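Residue-level listing of the chains:
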Amino acid sequence: MYYNINMKRFKMIGSSYLILIKNGKVLLSRRFQTGYMDGHYSLPAGHVDEGETIEDCLVREVKEEIGIKINKKDIKLSHVIHRREKDIRLDFFYTVSKYEGEIKNMEENKCDELKWVKLDKLPKNILPYIKQGIYKTVKQVLYSDIGF
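A quick note: this is a predicted structure, and the numbers were derived from the prediction, not measured. (Residues numbered from 1 in each chain as written. Predicted model: local features only at pLDDT ≥ 70, side-chain atom pairs only at ≥ 80, totals over all residues. Heavy atoms only, no water.)

Participant: Looking at this structure, I do not really get the overall build of the protein chain. What am I missing?
Facilitator: Helices and strands together make up the secondary structure of the protein chain, namely two helices and nine strands. Ordering the α and β elements of the protein chain from the N terminus gives β-β-β-β-β-α-β-β-β-α-β. Computed over C-alpha atoms, the radius of gyration of the protein chain comes to 16 Å, within 12% of the 15 Å expected from 2.2 N^0.38 for 148 residues, which places it in the range of a compact globule. Principal-axis analysis of the C-alpha atoms gives the protein chain an extent of 55 × 35 × 30 Å. Residue burial in the protein chain is summarised as follows: out of 148 residues, 38% are buried. Pairs at least 24 apart in sequence give 67% of the contacts found in the protein chain among residues at least 6 apart. Carbon and sulfur atoms form 51% of the exposed surface of the protein chain, whose accessible area is close to 9400 Å². Distance from the positive charge centre (27 side chains) to the negative charge centre (21 side chains) of the protein chain: 6 Å. (Helix = DSSP H or I, 4+ residues; strand = E, 2+ residues; numbered from the N terminus. Rg over C-alpha atoms; globule rule 2.2 N^0.38 Å. Buried < 20%, exposed > 50% of the residue type's maximum accessible area, 1.4 Å probe, protein only. Contact = heavy atoms within 4.5 Å. Areas by Shrake-Rupley, 256 points an atom, 1.4 Å probe, with all protein chains shown as cover. Lys, Arg positive; Asp, Glu negative; His and termini not counted. Charge placed at Lys NZ, Arg CZ, Asp CG, Glu CD.)

In structure tokens, the structure reads:
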């Protein structure tokens with residue numbers, strides 16, 4: 001394919017998500033006052049900042065959102081979603097073997113509830129791609145896409 005140096009380069013948004021599972025339940029957070037899908041359940045997550053790896057993003061966001069410390073050596077990539085909505089995104093889902101600290105809602109201005117939910121009884125108001133990421137993680141499927 002011919003590449004024109006004057007063409008604007010295609011870009012994707014990268015995000016990392018923590019699927020924290022304990023006793024057959026997953027930790028969900030309900031979005032609040034964010035401007036995107038408020039009232040829907042998601043996971044502790046965030047967008048990658050410039051100069052940051054996807055794993056560094058996960059470590060930072062988990063500390064900021066739920067107050068626990070995770071070590072990069074303890075995380076495991078569990079699923080990747082290539083997603084098209086209004087833009088193009090790559091969503092990286094991770095599980096973690098251990099963490100330090102007590103889970104607490106650290107961003108009450110963006111999350112109005114943290115809740116442990118049975119993996120087989122996810123709420124109806126969960127974001128569809130979050131549901132897919134959790135489901136595919138449980139099924140040990142590494143990759144999927146949405147919207148293409």
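Participant: Hey, could you run me through helix H2 (residues 128-138) in this one?
Facilitator: Within an α-helix, residues lying three or four positions from one another point in the same direction, as the helix has 3.6 residues per turn. Within H2 the residues assigned to the buried category are Tyr129, Ile130, Gln132, Gly133, Ile134 and Thr137. The secondary structure elements touched by the buried residues of H2 are strand S1 (13-18), strand S3 (25-31), strand S4 (41-42), strand S6 (75-84), strand S7 (88-96) and strand S9 (143-146). Immediately beyond the C-terminal end of H2, within one or two residues, lies Gln140, with a positive phi of roughly 60°.

Participant: Even after reading the chapter, I still don't get the nonpolar core, so can you show me in this structure?
Facilitator: One finds Tyr17, Leu28, Leu43, Phe93, Ile130 and Ile134 to be the most contacted residues of the largest nonpolar core, which totals 15 residues. The set of elements that each furnish at least two residues to this core consists of S3 and H2. At three residues, the largest contribution of residues to this core is made by H2. Not counting residues within four places of it along the chain, the set of residues in contact with Tyr17 comprises Leu43, Pro44, Ala45, Leu58, Arg83, Asp91, Phe92, Phe93, Tyr94, Tyr129 and Ile130. In terms of nonpolar packing, the next biggest core, distinct from the first, is built from 14 residues, Leu20, Leu27, Val62 and Ile75 among them. (Core = buried A, V, L, I, M, F, W, Y, C linked by side-chain atoms within 4.5 Å.)

Participant: Teacher, can you tell me more about the environment of Cys111 here?
Facilitator: Within the secondary structure layout, Cys111 lies in strand S8 (residues 111-118). Note on Cys111: relative accessible area 10%, which makes it buried. Excluding residues within four positions of it along the chain, Cys111 makes contact with Ser29, Arg30, Phe32 and Asn105.

Participant: Can you walk me through the packing of aromatic side chains in this structure?
Facilitator: Aromatic rings in a pair are described by how distant their centres are and how their planes are angled relative to each other. Considering all chains together, one arrives at two aromatic pairs under this definition. Both rings, one in Tyr17 and one in Phe93, keep their centres 4.6 Å apart while their planes meet at 15°; by these two values the pair is stacked. In this pair, Tyr17 sits in strand S1 while Phe93 sits in strand S7, placing the two residues 76 residues apart along the sequence. Grouping residues by exposure puts Tyr17 and Phe93 together as buried. (Phe/Tyr/Trp six-rings, centres within 6.5 Å; stacked < 30°, edge-to-face > 60°.)

Participant: Looking at this structure, how should I read helix H1 (residues 54-66)?
Facilitator: Its 13 residues give H1 an end-to-end C-alpha distance of 18 Å, which sits within 8% of 18 Å, the value for a rise of 1.5 Å per residue. Buried positions along H1 lie against S1, S3, strand S5 (45-47), S6, S7 and S8. Of the residues flanking the end of H1, it is Gly67, one or two places downstream, whose phi is positive at about 75°. (Expected span 1.5 Å × (residues − 1).)

Participant: Is there a simple way to explain the side chain of His79 in this structure?
Facilitator: Counting through the fold element by element, His79 comes out in strand S6. At a separation of 3.2 Å, a polar atom in the side chain of His79 contacts the main-chain carbonyl oxygen of Leu142. Looking at His79, its side chain comes within polar contact range of the side chain of Ser144, at 2.7 Å. Apart from residues lying up to four places away in sequence, His79 is in contact with Asp91, Phe92, Phe93, Gly133, Lys136, Thr137, Val141, Leu142, Tyr143 and Ser144. (Polar contact = N/O pair within 3.5 Å; in protein donor to acceptor, adjacent residues only side chain to side chain.)

Interpretation note: all reported values are geometric properties and have no functional meaning in isolation.
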